[in-house]
Amino acid sequence: MESWRKHPLLFWLFLLPPGFWLAAFFLAPLSVVFVLSFGEKSGIIGIEITGTLDNYIRALDPLYLGIIWKSILIAGGATLVCLLLGYPVAFAIAFAPARWKALLLLIVILPFWINVLIRTYSLIAVFRGRGFVNMAYEWLWTRANDLLALAGLGDQNLLGEYFTPLPLLYNNFAVSAGLVYAFLPFMVLPLYANIERMDRSYIEASLDLGAGHLRTFRSVILPLTWQGALSGIIIVFIPALGYFFIPAILGGTDSQMIGNVIERQFKAANDWPFGAALSLLLMYATFGALALRAVLAGRNAEARGGV
Amino acid sequence: MYAASEHNADQRTILSLRGVTKVFGDFTAVEDVNLDIAENEFFALLGPSGCGKTTLLRMLAGFEMPNAGTIHLDGKDMSLQPPNRRPVNMVFQSYAVFPHMSVRENVAYGLKVAGVGRSEARDRVEEALQLVKLDNQADKQPDQLSGGQRQRVALARALIKRPRVLLLDEPLSALDAKLREAMQMELVRLRHALGITFIIVTHDQDEALSMADRVAVMNDGQVQQVAAPLTLYEYPTRRFVADFIGKMNLFSGRLESRHEDRLDVRVAGLGPMTAPTQDSSIFEGREEVDLAVRPEKVRVTAEAPEGESRVRRQGTVKNVAYYGDMSYVFVTLDGAFTINANVQNEARRNDPALRPGDRVWCSWEAHDMLVLAD
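Caption draft 1: Representation of helix 3 (residues 118-131) of chain B within the structure. All names here are of chain B. The terminal C-alpha atoms of helix 3, which comprises 14 residues, lie 20 Å apart, in line with the 20 Å expected from a rise of 1.5 Å per residue. All of the buried residues in helix 3 are A121, R124, V125, A128 and L129. Down the axis of helix 3, the smallest arc covering the buried residues is 135°, so these residues share one side. The exposed residues of helix 3 that point more than 90 degrees off its buried face are R122 and D123. Contact partners of the buried residues in helix 3: helix 2 (103-114) and helix 4 (147-159).

Right under this line is the structure:
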């Protein structure tokens, strides 16, 4: 393993392409953003780096803090729904007969073959007033009305005089549903990997000792697959927090998230320094979440007497 | 019919299997198993890997449901009961000690699930830990324990439920030789101390013979023979059992004539032989039968042996394998048949008693011969 020490030239040769990639396309732009966040607008395209902290102070305005808080709520809610949906799905795949597993996993990752933007637009066709959900709902409504008429209750208007479509689009519900739809696979896959790896005899031992299935899930399966859930939460919550096009496409006037605000600074508002400051604050929040996870995982390992 | 066993009549049957069969796809893992296991018995299921012994144990635990047949425990039909409803507990081959719980929490798990009161649970956990000599490790986490200690946790965790039957799946296979021997004695001690029926699955015949009251030898999903260790070793009834347990010289021969208590058989290269049998009617209509004799029953001598009752053949020593306390001697009898004999190295000596090429006599008592069905 240590043989690269004997061939330093070879080592650097191999390090060069990825090193260059990271430096040119990650570190350099990030540094630009960092520097910009301490700048001031001067004219339409000019930016002066003055070392001011005004952008950060402005970002702490209750208006923006409110949007950040709302983003956390929506992204957190979507993550929770992903977790609740992801566990049974991951479980079903892990316990499916071996010949079904590959197919089921394929179904989970199949949506990746279509661009997420297109998938998000297609959700409009599902959620809009005359979309698929409301069409199905209307059909049920009409049938129910017919049934009532048959029962001699036709003129009572028990279900309302007219069919009213459910307000599914251009609101917080649509944004949350869009985020769940886009991120569910990222929850299922780490959960599946963890459940699959877990020794089945733990489950059998629990059943053997008299526990029912619910008790076994709570006391054995959940604690042993929690690491997978934690990974899923991180890789769903962090990008969901900063997503801008799902709220832009599916959201209404009051469902903009912090991602939309940042995007607007770089485009419509033409205030790059402020956008940079907001971006960095979001990144620091993400670091905070990751640090929290590391601390939690560390405490877990400590409790188990590990390293 | 060979599954029918000598079964102590004074002991009550606790577990009774009738026609138990398990099929996976087109593979029959367990086929028509009939067994009666007595209360307080130490019973072993012995066989090569893939013989169906583990599947049978898993059906007793409730992890697999039989496709046909019934399992009665204390007279009640348990065949389709889920594992958490059976008064039976299992020690897993991998131990399956919960890694996120301390030793004490692991042992207490079954009581907690059953809703046993706090103070009673504490006493019983303490008692169970003392039983397996882990009372000073109670607050450790499983990954701080050795393999042998983890196994004791699994044992205590199962025993604390006071099961009617304790199932052990290859419990000693992951332990090193010294620990295995100690654990064997420990298991026998525990069984006597607790008065619980033990059923152990093993592929190790020494383990089965040294610990169990009775052993069921399995092959290809079927029970070949059920007997006490001594009977199994000295009186195997079928070729598979004779070959699987210990070492054996096997001769195939043609059945010449059948008497009430013996068979006359002509073995190619060895000539006519007579072997005792308890029930010669089994061999009715058979042309070929297998004869067998254990290597330690064969005596190797330089001079022709005395005694009317001894079967004797002359031959040449082919090979001697020296094991310290004893030697395996392979002798090619005149007629080209090679026989294996165990010779105890009773006296201390400076050079081997037998060398390849020596002319010797091999002999054994006629009543040590075995006749085997199929």
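Caption draft 2: Seen up close, the interface of chain B and chain A. Taken together, the contacts link 25 residues of chain B with 22 residues of chain A. Together, the buried faces of chain B and chain A total about 2,000 Å²; carbon and sulfur atoms form 59% of this surface. Of all residues in chain B, N84(B), H100(B) and Y109(B) bury the most surface against chain A, accounting for 28% of the area lost on that side. Counting across the chain B and chain A interface gives one salt bridge. The salt bridge involving R58(B) is made with E204(A); its shortest N-O contact spans 2.6 Å. Put simply, the parts of the chain that give the side of chain B that touches chain A at least two residues each are helix 1 (53-61), strand 6 (88-91), helix 2 and helix 4 of chain B. With four residues, helix 2 of chain B is the largest single contributor of residues to the side of chain B that touches chain A.

Caption draft 3: Inspection of the side chain of D169(B) at higher detail. All names here are of chain B. Inspection of the secondary structure assignment puts D169 in strand 7 (residues 165-169). It turns out D169 is buried and unbridged, and the closest side chain with the opposite charge, R58, is 6.2 Å from it. With sequence-adjacent residues up to four places away left out, D169 is seen in contact with T54, L57, M90, V91, F92, Q93 and V201.

Caption draft 4: Main features of the sheet that holds strand 20 (residues 370-372) of chain B. Residue and element names in this part refer to chain B. Here five strands make up an open sheet; going across it, the order is 13-12-11-14-20 and the pairing antiparallel. Both outer strands of the open sheet, strand 13 (271-276) and strand 20, are each paired with one neighbouring strand and no more. On average, each strand axis in the sheet is tilted by 45° relative to the strand beside it, whichever way the strands run. Of the pairings in the sheet, the one linking strand 11 (residues 249-258) to strand 14 (residues 288-293) comprises six bridges and is antiparallel in character. Opposite R254, over in strand 14, you have E288 as the bridge partner.

Thresholds, definitions, all that
Residues numbered from 1 in each chain as written. Chains lettered and ligands numbered in written order. Predicted model: local features only at pLDDT ≥ 70, side-chain atom pairs only at ≥ 80, totals over all residues. Heavy atoms only, no water. Helix = DSSP H or I, 4+ residues; strand = E, 2+ residues; numbered from the N terminus. Expected span 1.5 Å × (residues − 1). Buried < 20%, exposed > 50% of the residue type's maximum accessible area, 1.4 Å probe, protein only. Arc of directions from axis to C-beta. Contact = heavy atoms within 4.5 Å. Buried area = accessible area lost by both parts, 1.4 Å probe. Salt bridge = Lys/Arg side-chain N within 4 Å of Asp/Glu carboxyl O. Lys, Arg positive; Asp, Glu negative; His and termini not counted. Pairing = 2+ DSSP bridges. Axes fitted to C-alpha atoms, helices over the stretch in contact; angles between N-to-C directions.

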